[in-house]
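Single-letter residue listing:
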Amino acid sequence: MWPCIRLLKSPLQKLASMGTPSVTLSQIDIFNGKKLEDIVPSSHNCDVPHVNRTDYQLIDISEDGFVSLLTENGNTKDDLRLPTDESLLSQIKGGFEEGKDLVVSVMSAMGEEQICALKDIGPKN
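Conventions we followed
Residues numbered from 1 in each chain as written. Predicted model: local features only at pLDDT ≥ 70, side-chain atom pairs only at ≥ 80, totals over all residues. Heavy atoms only, no water. Helix = DSSP H or I, 4+ residues; strand = E, 2+ residues; numbered from the N terminus. Buried < 20%, exposed > 50% of the residue type's maximum accessible area, 1.4 Å probe, protein only. Contact = heavy atoms within 4.5 Å. Areas by Shrake-Rupley, 256 points an atom, 1.4 Å probe, with all protein chains shown as cover. Salt bridge = Lys/Arg side-chain N within 4 Å of Asp/Glu carboxyl O. Core = buried A, V, L, I, M, F, W, Y, C linked by side-chain atoms within 4.5 Å. Pairing = 2+ DSSP bridges.

## Re the overall build of the protein
If you tally the helices and strands in the protein, you get 1 helix and 9 strands. Along the protein, helices (α) and strands (β) appear in the sequence β-β-β-β-β-β-β-α-β-β when read from the amino end. When each of the 125 residues of the protein is scored for burial, the buried share is 32%. For the protein, contacts bridging at least 24 residues in sequence account for 39% of all contacts bridging at least 6. When the accessible area of the protein is evaluated, it comes to approximately 8,400 Å², of which 49% is carbon and sulfur surface.

## Notes on the pattern of salt bridges
As enumerated under the stated definition, the model contains 5 salt bridges in all. A salt bridge links Lys 77 to Glu 113, with the shortest nitrogen-to-oxygen separation between them at 3.0 Å. One end of the pair, Lys 77, is in strand S7 (residues 76-81); the other, Glu 113, is in strand S9 (residues 112-123), with 36 residues separating them in the sequence. Looking at Glu 113, the relative accessible area reads 34%, which means it is partly exposed.

## Quick word on the nonpolar core
Formed by 14 residues in total, the largest nonpolar core has its most connected members in Leu 58, Val 67, Leu 69, Ile 92, Val 104, Val 106 and Ile 115. Counting residues per element, the ones that place at least two in this core are strand S5 (52-61), strand S6 (66-70), helix H1 (86-97) and strand S8 (100-109). Discounting residues that sit within four places of it in the chain, Ile 92 has contacts with Leu 58, Ile 61, Leu 82, Pro 83, Leu 102, Val 104, Ile 115 and Leu 118.

## Let's talk about the pairing of strand S4 (residues 35-41)
Of the strand pairs in this sheet, strand S3 (residues 21-29) and S4 are connected by 7 bridges, and their pairing is antiparallel. Looking at S4, one finds that Gln 27 is bridged to Leu 36. Connecting the antiparallel pair S3 and S4 is a turn made up of 5 residues, with Gly 33 showing a positive phi of about 80°.

Here it is, written out as structure tokens:
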């Protein structure tokens, strides 16, 4: 099983070689978008990761592709890279260059974090 997925479908299949039905899990990795499939016995349990989504205000974008984010308690978070999704990346860079106040949503699960969404909260004061 892959660590961070979004389940697309899970149809029950015919009996496997040991006489138990199996399930084909079609899924998409939530961090890189790859489609994955796995076949597991229907009697087995599947682990489900805890996925958190946190909003941070964007403070700065460094030349090496890292972002500086403002946390709820007023500290900065400087360990995240810009997203690889071209559309989201251009929205973040464009809004920042225009001087807008931006809030990014960061998805985290199983030790991985990635910017997944953007909100424009207006022009900087």
